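Fold and geometry: a report
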Amino acid sequence: MLKAIRLFFAKAYLLFCAVLHAILEPGFEKQERIMNILSYKYRDNDVFLVSFPKSGTTWMQMTLYQVFSDGEMDIDHIRNVIPYVEEGEIGQHKKLNRRVIASHLYYEDIPKTKAKYIYVMRDLDDVLVSLYYHSKNFGYEGTFDQHIEKYFKKKYKGGVWGKHLAGWLENKKNLDVHFVKYEDLKVDFPKQLDEILSFCEVELDEETKQRIIERSSMTYMKAHQEKFDQVQYILLEENYIQNNFLRKGEVGDGKNYLSDEQKTIAQKEKENYTLAVYQ
Ligand code: A3P
């Protein structure tokens, strides 16, 4: 009973935040937020971690946390250690020996600095499925088809996947960007880790690398689910635990969910933005 009441208030709170966000999002407030982001002081050795939502950001947050700290799980939440710049927090967490800043910003909006940028991407079909379950975590009660239709009508406030990727892949301002594919992480994580380390100019011994590999696994992260779950982050104070954020973490699941028609529309988005990486 107590849990049901808590859940009710948690959902009401999230709904309130969503409405407030929807009201404040367009126009002036967005401009003001971008201005703030641009005015922060960045360092040349910062590492930005950028992605379109549901592309494996949390996974990479954990990996980078492991790379730049002792890796112990004495943290309250990964989003406090590697915060999102668009949420207005970029201070360096005391556990990190190098600042890492997460973001879902489009290329045009990201601060252009001398820092390193790691861009993690994932196939649209799988992102769409992941987004659907994510919305359900936040109280969405529609069907998968309704959800996907909303995305195709460009009503998803996280933006357009193709446009996001295209801007970053084009990299007009020649930022120092390293691209990581979710699918490649799944196939050969140690190889991807080596590439990330070399990009960040970090040398680690084998034992440390093994620790990073083990702790970046789905199994390990699920065992510490409360440090990654986004609802949990918002409700940290409430001590309410949601267990769905780290869901399946698979490649190709989108094919089991999307109808032929939806696959065609998704394919068109990939072609429209000439994304050779996902053709
Ligand atoms: P699914 O919903 O397909 O399972 P983001 O952090 O950008 O929101 O991305 C969330 C997706 O990354 C979810 O995908 C989640 O399960 C997956 N993920 C998180 N940690 C992972 C890990 N260690 N290994 C594989 N996938 C992971």
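None of these values were measured; they are calculated from a predicted model.

**Quick look at the sheet that holds strand β1 (residues 47-51)**
On the basis of which strands lie adjacent, the open sheet formed by four strands has the order β2-β1-β3-β4 and parallel pairing. This sheet does not close on itself; its edge strands, each paired only once, are β2 (100-103) and β4 (176-181). Strand-to-strand twist in this sheet, taken as the mean axis angle between neighbours without regard to direction, amounts to 20 degrees. Note that β1 and β2 share four bridges and pair parallel. Note that in β2 the partner of Phe 48 across the bridge is Ile 101. Helix α3 (residues 57-67) rests against β1, β2 and β3 (116-121) of the sheet, and its axis sits at about 160 degrees to β1. Where helix α9 (residues 189-199) meets the sheet, it contacts β3 and β4, and its direction lies at approximately 170 degrees from that of β4.

**Some details on the site of the ligand**
Taken together, 18 residues lie near the ligand, and Thr 57, Thr 58, Ser 130, Lys 248 and Gly 249 sit nearest. Residue Lys 54 places a side-chain N or O atom 2.9 Å away from an oxygen atom belonging to the ligand. Considering the ligand on its own, with 570 Å² of exposed area, one finds that the protein chains cover 97% of that surface. At the level of elements, α3 and α11 (218-223) are the ones that each hand at least two residues to the shell around the ligand. Of all the elements, α3 adds the most residues to the shell around the ligand, at three residues. A class-by-class count of the residues in the shell around the ligand yields six nonpolar, eight polar and four charged.

**What about the packing of aromatic side chains?**
Per the stated rule, a full pass over the model turns up 18 aromatic pairs. Between the aromatic rings of Tyr 107 and Trp 168, the centroid separation amounts to 5.0 Å while the plane-to-plane angle is 85 degrees, which identifies the pairing as edge-to-face. Taken as a pair, Tyr 107 in the loop between β2 and β3 and Trp 168 in helix α7 (residues 161-170) lie far apart in primary sequence, 61 residues in all. Residue classification places Tyr 107 among the buried positions, given a relative accessible area of 6%. When the ring of Trp 161 is compared with that of Tyr 278, the centres are 5.7 Å apart and the planes differ by 50 degrees; the resulting orientation is tilted. Here Trp 161 is found in helix α7, whereas its partner Tyr 278 is found in the segment after α14 (260-272), with 117 residues between them in sequence. Taken together, the aromatic side chains of Tyr 40, Tyr 42, Phe 48, Tyr 107, Tyr 117, Tyr 119, Trp 168 and Phe 179 make up a single cluster linked through ring pairs. Seen from the ring of Phe 199, Lys 116 lies directly overhead, with NZ or CZ sitting 4.9 Å from the centre.

Rules behind the numbers
- Residues numbered from 1 in each chain as written.
- Predicted model: local features only at pLDDT ≥ 70, side-chain atom pairs only at ≥ 80, totals over all residues.
- Heavy atoms only, no water.
- Pairing = 2+ DSSP bridges.
- Helix = DSSP H or I, 4+ residues; strand = E, 2+ residues; numbered from the N terminus.
- Axes fitted to C-alpha atoms, helices over the stretch in contact; angles between N-to-C directions.
- Contact = heavy atoms within 4.5 Å.
- Near = heavy atom within 4 Å.
- Polar contact = N/O pair within 3.5 Å; in protein donor to acceptor, adjacent residues only side chain to side chain.
- Areas by Shrake-Rupley, 256 points an atom, 1.4 Å probe, with all protein chains shown as cover.
- Nonpolar A, V, L, I, M, F, W, Y, C, P; charged D, E, K, R; others polar.
- Phe/Tyr/Trp six-rings, centres within 6.5 Å; stacked < 30°, edge-to-face > 60°.
- Buried < 20%, exposed > 50% of the residue type's maximum accessible area, 1.4 Å probe, protein only.
- Lys NZ or Arg CZ within 6 Å of the ring centre and 35° of its normal.

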